[in-house]
Amino acid sequence: MFTSLKSRLWLTYALMIVLVLGAVGIGVLLSLRKSPLVYRQPLNQLEVVVNSTIGRINTNPGATGFESILTGESIKTKTRLALYRADGELVFDSDMHPGNHLVIPTPLSASGTGEIRFVNDQKNRGWLYTLKPINDQFYLMAAGRLPRLPLLLILRDELFTPFVRAGVLAMLLAVALAIIFGNWVEAPLNKLARQANAVTQGNARPIPLEGPAEIKQLVGTFNEMVTKLNASQESQRDFIANVSHELKTPLTSIQGFAQAILEQASPAPDETRQSAKIILNESQRMNKLVIGLLTLARLDAGITDSKKENVDLAVILRSVLERLTPQAQNASVTLVDQIGPVPEIMTDAENITQVFVNLIDNAIKYSKKGGKVTVSCLQHGAEVEVHIIDNGAGIPLQDQTRIFERFYQIDKSRRGGVKHGVGLGLAIANQIVKSMGGVLTVESTPGTGSDFMVKLPIE
Ligand code: ADP
């Protein structure tokens, strides 16, 4: 009962309607209490009595007989009559019981006829009265008890029906509004619930932004989550597809050549050597892939048996250049050393060596014959910047952010072989640099070359 949004809304509206109608009703009654309309009739009667009594007093000159005139008129008209001096002092009251005295506000001269006046007696009972000057010395007042009946009658005869009608109409409107408003809020929430359910099945879709601002914000956050989740699921699928592809290709090749060796009745030594060479290459490639995947898995899990020590990057860079010199010579690429002195940093020497090997190895691999790879190193504030600049083919703008993804290779047709790796080198380098609190970025112009920068904090 009243647990749904719509029924709660309707209940709130209904309570508000009852409260508003009640407040309006009380307001109307309170204002009617002092309204001339309600007291017109008793007031007219009082005026008639005042006028006729004044008439009688004036036709009996000499103030001696006024007490009997007032008493007589009071009894005859069932009206309380009182005589005041101009200064407000009571001269005579037809109801002289102590405690019933009516305190009339002064100055009396300010009073006019036809105006409704209320006064309480000393027992706090309400009176309606009218006051009129007899001459310039005396005033006559006629007072009657404040009638209670008209208010109840008005309430019953005049107010009840319109209030009930207004109430019914307002309740119907409240139902309509509760349905409209409820739908406005509920529709996006229902969609959200359906899609949240779909998340568990892995096929959630973003929802259109509808409804109140708070729900739009919630839906926006949900959509963001769904987009990220879908992207992560997609990259997971891609990852598995890539790993299986990268493993399947060399395995098929190894299998094929091994089988060929076995099936040859009298194998020619050259052919066998050639097949063995291919098998070796392919298994080296697979080994590289497995080592790469294991490194990434360890980095992802944060399990690095890293030994932090004071490392001189200049020394490490020179040793990497030395290690890769034969490879550069084979490719007819010149290595240029512009390594300046830099402060030592606390880091893992083996991991940072791996980063520079990957980057310089790429720079050599992707350079043309006769190309140049420049390695520089300098301090920039609280950081050390290492640049590996080549004048090779460069990297198209749309690929510059993607090359750090696992298995991403620009020229997919050149996949395979020893020269072209498995597409994990930059992903590993990026992950290592990140784990050291640094950044790895690239600036490249196709046709001109690339500049890979590693920025590491000194502290
Ligand atoms: P790979 O094993 O293919 O070298 P990487 O992760 O090291 O994988 O590099 C990803 C891709 O980025 C490469 O396939 C290549 O297309 C591109 N790339 C990396 N370094 C360079 C470079 N210095 N110049 C041009 N392209 C590069």
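Keep in mind the model is a prediction, meaning the values are calculated, not measured. (Residues numbered from 1 in each chain as written. Predicted model: local features only at pLDDT ≥ 70, side-chain atom pairs only at ≥ 80, totals over all residues. Heavy atoms only, no water.)

What exactly am I supposed to notice about the packing of helix α6 (residues 269–301) against helix α9 (residues 425–435) here?
Helix-helix packing: each pair is described by the crossing angle between the helix axes and the interaxial distance. Running from N to C, α6 and α9 point in directions that differ by 25 degrees, and their axes come no closer than 10 Å. With respect to their mutual orientation, α6 and α9 come out roughly parallel. For the pair α6 and α9, the crossing hand works out as left-handed. Where α6 abuts α9, its residues Gly-292, Thr-295, Leu-296, Leu-299 and Asp-300 lie against Ala-427, Ile-428, Gln-431 and Ile-432. Residues belonging to the contact of α6 with α9 are distributed by class as follows: five nonpolar, three polar and one charged. (Axes fitted to C-alpha atoms, helices over the stretch in contact; angles between N-to-C directions. Helix = DSSP H or I, 4+ residues; strand = E, 2+ residues; numbered from the N terminus. Parallel < 35°, antiparallel > 145°, perpendicular 65-115°, else oblique. Left-handed = near helix turned anticlockwise from the far one by under 90°. Contact = heavy atoms within 4.5 Å. Nonpolar A, V, L, I, M, F, W, Y, C, P; charged D, E, K, R; others polar.)

Looking at this structure, I do not really get the sheet that holds strand β7 (residues 334–339). What am I missing?
The strands making up a sheet associate through backbone hydrogen bonding, with each pair oriented either parallel or antiparallel. Read across the sheet, five strands follow the order β7-β9-β10-β12-β11 without closing on themselves; strand pairing throughout is mixed. Each of the sheet's edge strands pairs with one partner strand only, and the pair in question is β7 and β11 (439–445). The mean angle between the axes of side-by-side strands here comes to 15 degrees, regardless of whether they run parallel or antiparallel. Sheet topology note: the β7/strand β9 (residues 372–380) ladder contains six bridges and is parallel. (Pairing = 2+ DSSP bridges.)

Please explain α6 as it appears in this structure.
Each α-helix winds once per 3.6 residues, and so residues spaced three or four apart point in a common direction. With 33 residues, α6 ought to run about 48 Å at 1.5 Å a step, and its terminal C-alpha atoms sit 47 Å apart, in line with that. Ser-275, Ile-279, Glu-282, Arg-285, Met-286, Leu-289, Gly-292, Leu-293, Thr-295, Leu-296 and Leu-299 are the residues of α6 that are buried. Positioned one or two residues after α6, Gly-302 has a phi angle of 75 degrees, which is positive. (Expected span 1.5 Å × (residues − 1). Buried < 20%, exposed > 50% of the residue type's maximum accessible area, 1.4 Å probe, protein only.)

How do you make sense of the environment of Ala-14 when you look at a structure like this?
Locating Ala-14 in the fold gives a position in helix α1 (residues 5–33). Taking the C-alpha atoms as reference points, Ala-14 and Thr-347, 333 residues apart in sequence, are found 70 Å from one another.

So what exactly am I meant to see when it comes to the nonpolar core here?
Grouped burial of nonpolar side chains is what soluble globular proteins tend to show. With 53 residues, the main nonpolar core has Leu-313 and Phe-356 as its most contacted residues. Every element with two or more residues in this core is listed here: α6, α7 (313–330), α8 (349–365), β9, β10 (383–390), α9, β11 and β12 (449–457). For this core, the leading source of residues is α8, giving nine residues. Residues in contact with Phe-356, not counting those within four places in the same chain, are Leu-313, Ile-316, Leu-317, Val-320, Asp-361, Val-386, Ile-388 and Val-454. With 23 residues, the next largest nonpolar core counts Tyr-39, Phe-66, Ile-134 and Ile-154 among its residues. (Core = buried A, V, L, I, M, F, W, Y, C linked by side-chain atoms within 4.5 Å.)

Would you explain the site of the ligand in this entry?
The full set close to the ligand counts 19 residues, and Asn-362, Tyr-366, Asp-390, Gln-409 and Leu-426 are the nearest of them. In this structure, an oxygen atom belonging to the ligand sits 2.7 Å away from a side-chain N or O atom of Gln-409. One nitrogen or oxygen atom from the main chain of Gly-423 is found 3.0 Å from an oxygen atom belonging to the ligand. Contact with the protein chains hides 95% of the accessible area of the ligand, taken as 530 Å² for the molecule alone. When residues of the shell around the ligand are traced back to their parent elements, those giving at least two are α8, α9 and β12. In terms of residue count, α8 provides more of the shell around the ligand than any other element does, three residues in total. (Near = heavy atom within 4 Å. Polar contact = N/O pair within 3.5 Å; in protein donor to acceptor, adjacent residues only side chain to side chain. Areas by Shrake-Rupley, 256 points an atom, 1.4 Å probe, with all protein chains shown as cover.)

Bear in mind that shape data such as this cannot, by itself, settle questions of function.
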